[in-house]
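Below, each chain spelled out in residue letters.
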Amino acid sequence: MGRSQRHTVGFIGGLGNQLFQYSFGLWLSKSGVTVTYDASALRTGSRKFELPGLVPEGLLTMERWLALAPYPRGRFGPVGAWIRRACGPRSVKFEDQIEVPFKASDAERSWWYGYWQSPSRVGEVLADMRASMCGALPPIQGGTIGIHVRRGDYVANDMILSPNYYRIALKSLVAANGLDVKSTRITVFSDDVAWCQRELQFDFPVVYSPPRDTRDDFLSLLSSDYLVLSRSTFSWWAGVLPDRPRQHVISPYPFVPPPLQPLDYPGWLRQTVS
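Definitions and cut-offs
- In every chain, residue numbers begin from 1 and rise along the written sequence.
- This being a predicted model, a pLDDT of at least 70 is required before a residue's local features are given, and a value of 80 or more before pairs of side-chain atoms are given or counted; all residues contribute to the totals for chains, interfaces and linings.
- The basis for every side-chain value is the complete set of heavy atoms in the structure, and neither hydrogens nor water enter the calculation.
- In this description a helix means any DSSP run of H or I spanning at least four residues, a strand means any run of E spanning at least two, and both kinds are numbered starting from the N terminus.
- C-alpha atoms define the radius of gyration, and 2.2 Å times the number of residues to the power 0.38 defines the globule rule.
- Here's how the labels work: a residue is buried when its accessible area is under 20% of the maximum for its type, exposed when over 50%, partly exposed in between, all with a 1.4 Å probe on protein chains only.
- Contact criterion: two residues are considered in contact whenever any of their non-hydrogen atoms come within 4.5 Å of each other.
- Note that accessible areas follow from Shrake-Rupley with a 1.4 Å probe, and for residues the cover is restricted to the protein chains shown.
- Paired strands, in this sense, are two strands between which DSSP finds at least two bridges.
- Interaxial angle, 0 to 180 degrees, is taken between N-to-C directions of lines fitted to C-alpha atoms, where a helix line uses only the stretch in contact.
- As used in this structure description, the phrase polar contact means that two N or O atoms lie within 3.5 Å; if the pair is within protein, one of them must be able to donate a hydrogen and the other to accept it, and residues adjacent in sequence are counted only when both atoms belong to side chains.
- Here, the term right-handed applies to a crossover whose path from the first strand over the helix to the second runs clockwise when the strands point away from the viewer.

**Student:** What is the right way to read the overall build of the protein chain from this model?
**Tutor:** Of the regular secondary structure elements, the protein chain holds seven helices and ten strands. Computed over the C-alpha atoms, the radius of gyration of the protein chain is 20 Å, within 12% of the 19 Å expected from 2.2 N^0.38 for a compact globule of 274 residues. Counting only C-alpha atoms, the protein chain reaches 60 × 35 × 30 Å along its principal axes. By the burial criterion, 53% of the 274 residues in the protein chain qualify as buried. For the protein chain, the share of sequence-separated contacts (at least 6 apart) that also reach a separation of at least 24 residues comes to 65%. Of the roughly 13000 Å² of accessible surface on the protein chain, 51% is carried by carbon and sulfur atoms.

Shown next as structure tokens:
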């Protein structure tokens, strides 16, 4: 099949966002159209391509010829967009410039760039995602609670959560599921472990995971029997991907502050953020 007859989805952002983009590609492919992927936006900067090893290589057909082509919204964006249109497909679409929702079957063959954060769309392909990633998803470890604390670039915006949120959310999760904390291992995972050790005061004994690679933290959260989530797509996917009971997960509510598109997931316990 020629390149002009495909969809191509661009990867941008970190691991959580890349999973949304992969799910969007799966959603587009359900219409019977071949989907490939473009990781050129991850060529520079702090973000790297995180999906190899989580998603089988055969399901990530990459447009590797774009290795030196500018990202279509980068410094030389117009050149990058022109190169893509010239090679096909001839349409370059950005999420913030199109009307959503739309049907995959109605989608013009295009290059697609955006975050595509839609719980309902993920729900349509979640079984396929779990099946495709089954070799990479670790087994659930009974008697474990994982707490994810996102700091980093969130510290200066409305996405940040207070220490009180984590304390109350953990207490609510334990009570709702009737957990015996004496036989439960509670672990905090964070990109700022020193802050967590200094600022978080829980009602139960917890351990703090030392700083590790992003992938290692993600796999540990995936394997946790219960989860306390932060306002992070990384956290969101740790709650969604394993086939665990939904009441085993507690999330901030709203998951993201308005006017951002809601990411609240049905069935999860909710801890209101004041």
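**Student:** Teacher, can you tell me more about the sheet that holds strand β9 (residues 249-253) here?
**Tutor:** Within a sheet, adjacent strands bond to each other through the backbone by hydrogen bonds, running parallel or antiparallel. Ordered in space as β7-β6-β5-β8-β9-β10, the six strands form an open sheet in which the pairing is parallel. Two strands bound the open sheet, and with one partner strand each, they are β7 (207-208) and β10 (269-272). As paired elements, strand β8 (residues 224-228) and β9 share two bridges and run parallel to each other. Paired with Leu227 across the strands is Val249, a residue of β9. Contacts from helix α4 (residues 163-177) reach β5 (141-149), β6 (185-190), β8, β9 and β10, with the element oriented near 135 degrees to β8.

**Student:** Explain helix α6 (residues 214-223) to me, please; I cannot follow it from the model alone.
**Tutor:** Because an α-helix completes one turn every 3.6 residues, residues spaced three or four positions apart along the sequence face the same direction. Counting buried residues along α6, seven of its ten residues qualify, which places the element largely inside the surrounding structure. Here α6 has its buried residues at Arg215, Asp217, Phe218, Ser220, Leu221, Leu222 and Ser223. The backbone nitrogen of Arg215 lies 2.8 Å from a side-chain oxygen of the residue at the head of α6, namely Asp213.

**Student:** What exactly am I supposed to notice about the pairing of β8 here?
**Tutor:** In the case of a regular strand, side chains alternate between the two sheet surfaces. Of all five residues in β8, five are buried, a share of seventy percent or more. Looking at chain direction, β5 and β8 are connected through four bridges and run parallel. Bridging from a neighbouring strand, Ile147 pairs with Val228 of β8. Handedness of the crossover joining β8 and β9 through helix α7 (residues 233-240): right-handed.

**Student:** Can you walk me through the environment of Ser230 in this structure?
**Tutor:** Here Ser230 shows up in the loop between β8 and α7. Taking the relative accessible area as the measure of exposure, Ser230 reaches 1% and is therefore buried. The spatial distance from the C-alpha of Ser230 to the C-alpha of Leu161 is 7.3 Å, given a sequence separation of 69 residues. What Ser230 contacts, discounting residues up to four positions off in sequence, is His148, Val149, Arg150, Leu161, Tyr166, Ser235, Pro252 and Phe255.

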